[in-house]
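# Secondary and tertiary structure notes
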Amino acid sequence: MKKAAKIIGVLLLIIVIVGFFFYRSLLPTYNGTLDIDNLQEEVTIHYDTYGIPHIYANNETDAFTALGYVHAQDRLWQMELIRRIAPGRLSQVFGEATVDTDKFFAAIGIDEASEETLKKLDKNTQSYKLAQAYINGINEFVANGATPIEFYLTGIDKTEFTVKDIHNIFGYMAFSFAMAHKTDPLLTSIQQQLGNEYLTDLGIQVDPKSTLLQNYPAKAKDTAKVKNTFVAAIDKALKPLPVPQFIGSNSWVLAPQKTATGKVLFANDPHIAFSQPSVWYEAHVHTPTYEMYGYHLAGTPFPLLGHNRDIAYGMTMFENDDIDFYWEGKSATTKTSTKTIKVKDADDITVTVKTSKHGPILNGIADGIDFDQPVAMSWIYTQRKNQLLEACYTMSHSKSQTDFEQSLSKIHAPGLNLMYGDAKNNIGWYAVGQLIERPSHVNSKFILDGTSAKDEPLRFLDASENPSATNPPWNYVYSANNQPDSINGSLYPGYYLPENRAKRIVELIEAKEQWTKEDMMTMALDNTSKIHVEAIEEVLNTISKFNFSTQEKKAINVLQNWNGSNRLTDIAPTIYHSFIYHYLKNTFTDELDTETFNMLIKTHILKRFTVPLLSKESIWYDDVKTEITETRKDILLKSFKEAIAKLETQLGPNINAWTWNKVHTVEHPHPIGQVETLRPYLNVGPYEVDGTREVINNLGFHYDDSGEYKVYFGPSTRRIIDFSDIENSMSILPTGQSGNPFSPHYQDQAKMYINGEFRKMMMNAEEIKSSAKNTLTLK
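What you see is a predicted model; the values in this text were computed from it and never measured.

## Observations regarding the pairing of strand β16 (residues 427–432)
Along any regular strand, the residues point their side chains to alternate faces of the sheet. Burial runs high along β16: 6 of the 6 residues are buried. Both faces of β16 are covered, namely the face carrying Ile427, Trp429 and Ala431 and the face carrying Gly428, Tyr430 and Val432. Summarising the sheet, strand β15 (residues 416–422) and β16 pair through 6 bridges and their orientation is antiparallel. Bridge pairing in β16 places Leu416 opposite Val432. If you look at the hairpin formed by β15 and β16, you'll find 4 residues sitting between the two strands, and Asn425 has a positive phi there, around 75°. Two strands pair when backbone bridges link them, and β16 and strand β20 (residues 468–470) are joined in this way by 3 bridges, in the antiparallel orientation. Each bridged residue has a counterpart across the sheet, and for Tyr430 the counterpart in β20 is Ser468.

Quick look at the structure:
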């Protein structure tokens, strides 16, 4: 017995020792000295309090090699997943759960477009050489660095990266900006099955009286329920994506005339789906000829957001329409190819991709895309020359506004609003992306006729025709994904978001002069929606003459005294959003089946028409299941009463307990965190959180029957650049810098982010060295 106990004790000790050394093998190396290949000279990397690397090298090639190494050390798993999306290789990791995702992306042609781009790249350009240096750094870590725990959990091996992977990542990013695939087939089904009169109130046309982005200098100007399996099929294919999708953004830049210091102030917070790790990797790179504090997408060498002592730039989503769908004839196929999807623990799947002159034919690619007539997808990204690598290099290496403007024409897709400010007191907003002039009769929000030439584009616009504003006399530029005022003499079609955030940004900026960095930080956290207040006032005025219960009267009193704020202790937003969901459900679900309704409430057009529709009669208000004709007043009253009843059931009879924190929460999901046993270790949160949809502190959610508003996207960073004090510019990430669950920087910013705090983006060399928590030397 004693011998057995002794053996068990020894075995347990061995397990503990092996476990300890295995655990140690998973930790990132932030301190010490490492010998790596492809370096000409020694590189020093100082890690600050939040694990952000400050890379000091004697030449750019070494700097970007080091950047690739440290980026991979903290984010290799994220890099691995994002590079697998475009070529359709997720199912090798996740099995049958992502087969539809792989089939869809394999069909739309990003991988082939990347291959063609690679063939045409000039390998002698500095952009290509630095990209290859960055890839060399990644591959040095792949070969010799610690293997992330996720590779063990999924059973996949580390493999080398290539410059083609960078372009596939760009392609996924470009597609994630698009909204046409969620909107055009849906509106086409409504048109075909219900008629044009049902489209009138759906926000398809832009209201020219809404808050529009201004150019400067100015430029010339049946009752059966609708079922749409096309959109549902694409939604099903995209839902398992293990990396975040881009949603929207804010940015505003103030000229010296608006600031207390007489220097430019710059703010930017791109809105991206939350994930763990979060989308951006911060790095400060310094050489004798180059310095940039940048925000990098996984697997890409040049920052999409950045600043140094000379310039600052950022981006929001343009929301222009760069995808069109076409009905094709039966004999439209011009090319057929087959692709093999390798599936973990299952047989390979062969996908046949048919292509017309417009692009891939989507019928049969995913369950539900089953139209009798072929439908092809035409996408600017895969059809035009790709210079994104050179564009990103040019942006990050610009020393002036003129330099920066050289990058604009090189961006064909995705459509972006590039925001700019500099130390010489210049500011600018530039809408970039290849735009199309279509025939006047074409509405690109519907599936177009591809069987004749009548719906074909007339021309591609020159980049100089894109909207922009440089140093305007009103002394600020901004973007909140709202509609530009004129492109080629007209309002350009797109999937622009409503004016809510834009109107609030303009209201706050124009209300004062003498702005400070602290004012900009406060504004980035603004959670007030006056538009929601105006909307609920309209509702209450419309139903005011009816009889209400005591509880309903209490709710009305709360709403009547609401100032539009969405703080954790507020009650009004809980009531407001419960009402809005019941209102949408009562308005649309008699004509739309459940699946189609759930697709509609995920579109940008729903955000555009929800509030305007509240204030007018519409054909949608009549419930086609009844024999009477319902009106707006009927639907508003029914929805209000149902909302209050729902809240009583959900949160109890005490209306003071209906606070926003009970229902508005955020959790940052890790791709493997959906496994319940791993969720506490890999996901970050959940947290109660301020804010709401379409306020400046834009924390978005989808409506559903639960009565809970689980935030799935928001500011992916909040950056404030102050050119009067560049070394004390401020920022924050949603969770942390590292994607390694064993790193101290996995979630060390999460509570700060929730609390609305910021931290310094350090650039002073002496301060960086003296305060560094760790220093890594690469030889």
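Now that the structure has been shown, the text picks up again.
## Comments concerning the packing of aromatic side chains
Both the distance between ring centres and the angle between the ring planes are used here to describe each pair of aromatic rings. Under the defined criterion, the tally for this structure stands at 35 aromatic pairs. Taking 6.3 Å as the distance between ring centres and 45° as the angle between the ring planes, the aromatic pair formed by Tyr293 and Tyr295 counts as tilted. You can call Tyr295 buried: its relative accessible area is 0%. Chaining the aromatic ring pairs together yields one cluster made of Phe104, Phe105, Tyr172, Phe175, Trp379 and Tyr381. Just above the ring of Trp515 sits the side chain of Lys512; from NZ or CZ to the centre is 5.1 Å. Note that Arg693 overlies the ring of Phe701, its terminal NZ or CZ placed 5.5 Å from the centroid.

## Here's the deal with the packing of helix α2 (residues 60–85) against helix α6 (residues 126–144)
Here α2 crosses α6 at 50°, and the two axes come no closer than 6 Å. Our classification of the angle between α2 and α6 gives oblique. Considering only the axes of α2 and α6, their crossing is right-handed. Where α2 abuts α6, its residues Glu60, Thr61, Phe64, Thr65, Leu67, Gly68, Tyr69, His71, Ala72, Gln73, Leu76 and Met79 lie against Leu130, Ala133, Tyr134, Gly137, Ile138, Glu140, Phe141 and Val142. For the contact of α2 with α6, a count of residues per class yields 12 nonpolar, 6 polar and 2 charged.

## Digging into the nonpolar core
Counting 148 residues, the largest nonpolar core has Phe105, Phe246, Trp280 and Leu418 as its most contacted members. It is α2 that provides the largest number of residues to this core, a total of 13 residues. Contacts of Leu418, omitting those with residues within four sequence positions, involve Gly314, Met315, Met395, Phe404, Leu408, Ile411, Gly428, Trp429, Tyr430 and Val432. Judged by nonpolar contacts, the second largest core, of 58 residues, contains Ile204, Tyr583, Trp620 and Tyr709.

## Observations concerning the sheet that holds strand β24 (residues 709–711)
Spatially, 3 strands are ordered β23-β22-β24 in an open sheet, and the strand pairing comes out mixed. One side of each edge strand has no neighbouring strand; the edge strands of this open sheet are β23 (684–688) and β24. Adjacent strand axes in the sheet meet at a mean angle of 25° when their direction is disregarded. Where strand β22 (residues 664–668) lies against β24, 3 bridges are found, and the strand directions are parallel. Note that in β24 the partner of His664 across the bridge is Tyr709.

## What to know about the sheet that holds strand β9 (residues 311–317)
Spatial strand order, β1-β29-β2-β3-β6-β7-β8-β9-β15-β16-β20: 11 strands in an open sheet with mixed pairing. Two strands in the sheet have a free side with no partner beyond their single neighbour: β1 (32–34) and β20. Each adjacent strand pair in this sheet contributes to an overall mean axis angle of 20°, direction not counted.

## A few points about unusual backbone geometry
With an omega dihedral of 5°, the bond running from Gln276 to Pro277 counts as a cis peptide bond. Along the polypeptide, Pro277 turns up in the loop between β5 (265–273) and β6 (280–286). A cis amide bond, omega 5°, links Ala413 with the succeeding residue Pro414. With respect to the element layout, Pro414 can be found in the loop between α13 (401–405) and β15. Despite not being glycine, Asp345 shows a phi value in the positive range, around 60°. Summarising the element assignment, Asp345 is placed in the loop between β11 (335–341) and β12 (349–355). Positive phi values are uncommon outside glycine, yet Asn425 reaches one of about 75°. Positionally, Asn425 belongs in the loop between β15 and β16.

Basis of the calculations
- Residues numbered from 1 in each chain as written.
- Predicted model: local features only at pLDDT ≥ 70, side-chain atom pairs only at ≥ 80, totals over all residues.
- Heavy atoms only, no water.
- Buried < 20%, exposed > 50% of the residue type's maximum accessible area, 1.4 Å probe, protein only.
- Helix = DSSP H or I, 4+ residues; strand = E, 2+ residues; numbered from the N terminus.
- Pairing = 2+ DSSP bridges.
- Phe/Tyr/Trp six-rings, centres within 6.5 Å; stacked < 30°, edge-to-face > 60°.
- Lys NZ or Arg CZ within 6 Å of the ring centre and 35° of its normal.
- Axes fitted to C-alpha atoms, helices over the stretch in contact; angles between N-to-C directions.
- Parallel < 35°, antiparallel > 145°, perpendicular 65-115°, else oblique.
- Left-handed = near helix turned anticlockwise from the far one by under 90°.
- Contact = heavy atoms within 4.5 Å.
- Nonpolar A, V, L, I, M, F, W, Y, C, P; charged D, E, K, R; others polar.
- Core = buried A, V, L, I, M, F, W, Y, C linked by side-chain atoms within 4.5 Å.

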